[in-house]
Amino acid sequence: DFTTSGGLIGKTGLHLDGTYEVQFDGSNAAQQWDSGASANGTVEGWFKADAFGYDVMARSYNNGKWMLLMNTNDLEFFVTDNSNTSTTLTVTHGLSTDKWFHVAFVADGTSQLMYINGKLVGSRTKGAGLKSATGDWALGKNPDDTTNNYRWPGHIHQFRVWKEARTATEIRNNMFKTAPTDDNTKLAANINFETYGGGTSVVTDAKGNGNGVLRKWNGSATVDATDTAAWAGAGTFTYGTSTLVMA
């Protein structure tokens, strides 16, 4: 139950109004989670919804798809395992619009787990490891969608992809940090939005594994965006003095 202007932590955040997206080149395997029968992965980030629809918050495409969606009542995470079987973990979230929340999805060898604000809220049995995600991936939409459908209307901050199953303690210990204290080779992507995007379409991966491109739907096509409208500016949360109540 936490409000802030602009971004959450650090210099800025990204505000996608239902027309913006961030696209990443899926050919860079360093930004994707590993594959195989024993492979693990984690996707996590901070979000704040302007409205609820049936919208894609983040998604990879092609082989090894994963997708995080949100609607009025549910958060859903869809993943393809190493045997090419797709499963979906659905959790009733109880969240409100205009409130920041942290979500983490973890896949290990046997289970899918979902955490909201560092608390385990759902789990299910999963199949044989993870299938390699070799396609493009995006924040705010389906990377393969050439229309304006299912775009996320809201803020995104501190988005990360890991090549490991993060524990609840690891998730909670790093939720409010622009750089995880245990940053290691298992961190595949760290999109912390610390590099302000005004005047450029580049969205930087702080891990250095490949930058994304800010794009905007102009009514008939998606084009690179260099305007400042999608950048939320610095947040009002001050480490050590501000209070956060995890509802």
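Up top is the structure these notes are about.
These remarks concern the structure in this document. Each chain has its residues counted from 1, following the order in which its sequence is written. For a predicted model such as this one, the threshold for reporting local features is a pLDDT of at least 70, and the threshold for listing and counting side-chain atom pairs is 80 or more; totals across whole chains, interfaces and linings nevertheless cover every residue. Remark: hydrogens and water are excluded; side-chain values derive from all non-hydrogen atoms of the structure.

1. Some thoughts on the packing of aromatic side chains
For clarity, the cut-off: Pairing of aromatic rings covers Phe, Tyr and Trp, the last counted by its six-membered ring, and requires centre-to-centre distances within 6.5 Å; plane angles under 30 degrees mean stacked, over 60 mean edge-to-face, and any other angle means tilted. Helix and strand assignments follow DSSP, with helices taken as H or I runs no shorter than four residues and strands as E runs no shorter than two, numbered in order from the N terminus. Whether a residue is buried, partly exposed or exposed follows from its accessible area with a 1.4 Å probe, protein chains only, as a fraction of its type maximum: under 20%, in between, or over 50%, in that order.
Counting across every chain of the model gives seven aromatic pairs. Residues W46 and F176 carry aromatic rings whose centres are separated by 5.2 Å and whose planes lie at 45° to one another, so their mutual orientation is tilted. Of the two residues, W46 is situated in strand 3 (residues 41–49) and F176 in the loop between helix 1 (168–174) and strand 13 (187–191); the sequence distance between them amounts to 130 residues. The buried category is assigned to W46, whose relative accessible area is 1%.

2. Topic: the environment of T178
Mapping T178 onto the fold places it in the loop between helix 1 and strand 13. Given the relative accessible area of 26%, T178 is considered partly exposed. With 28 residues separating them along the chain, T178 and A206 place their C-alpha atoms 9.1 Å apart.

3. Considering the environment of K65
Summarising the element assignment, K65 is placed in the loop between strand 4 (55–60) and strand 5 (66–70). Separated by 21 residues in the primary sequence, K65 and S86 have C-alpha atoms spaced 8.6 Å apart.

4. What to know about the nonpolar core
To be explicit about the condition: We define the nonpolar core as a collection of buried residues of types Ala, Val, Leu, Ile, Met, Phe, Trp, Tyr and Cys that are connected through side-chain atoms lying within 4.5 Å of one another.
Within the largest apolar cluster, 41 residues are counted, with the highest numbers of intra-cluster contacts made by W66, L75, L139 and F159. The element that contributes the greatest number of residues to this core is strand 8 (residues 101–107), accounting for four residues.

5. Looking at the pattern of salt bridges
Heads up, the condition is: Each salt bridge in this description consists of a side-chain nitrogen of Lys or Arg and a carboxyl oxygen of Asp or Glu lying within 4 Å of one another.
Counted under the stated rule, the structure contains five salt bridges. When the shortest N-O distance is used, the salt bridge between E21 and R151 registers 2.8 Å. Placement of E21 in strand 2 (residues 20–24) and of R151 in the loop between strand 11 (137–139) and strand 12 (153–162) is noted, with a sequence separation of 130 residues between them. As far as the burial class goes, E21 and R151 line up, both buried.

6. Details of the pairing of strand 3
Selection criterion: For two strands to pair, DSSP has to find at least two bridges joining them.
Burial of strand 3 is extensive: nine of the nine residues sit out of reach of the surface. Bridge analysis of strand 3 against strand 8 gives seven bridges, and the strand direction is antiparallel. Its bridge partner being in strand 8, W46 is matched across the sheet by H102. As paired strands, strand 3 and strand 12 are joined by seven bridges and run antiparallel to one another. From the neighbouring strand, K48 faces strand 12, where its bridge partner is H155.

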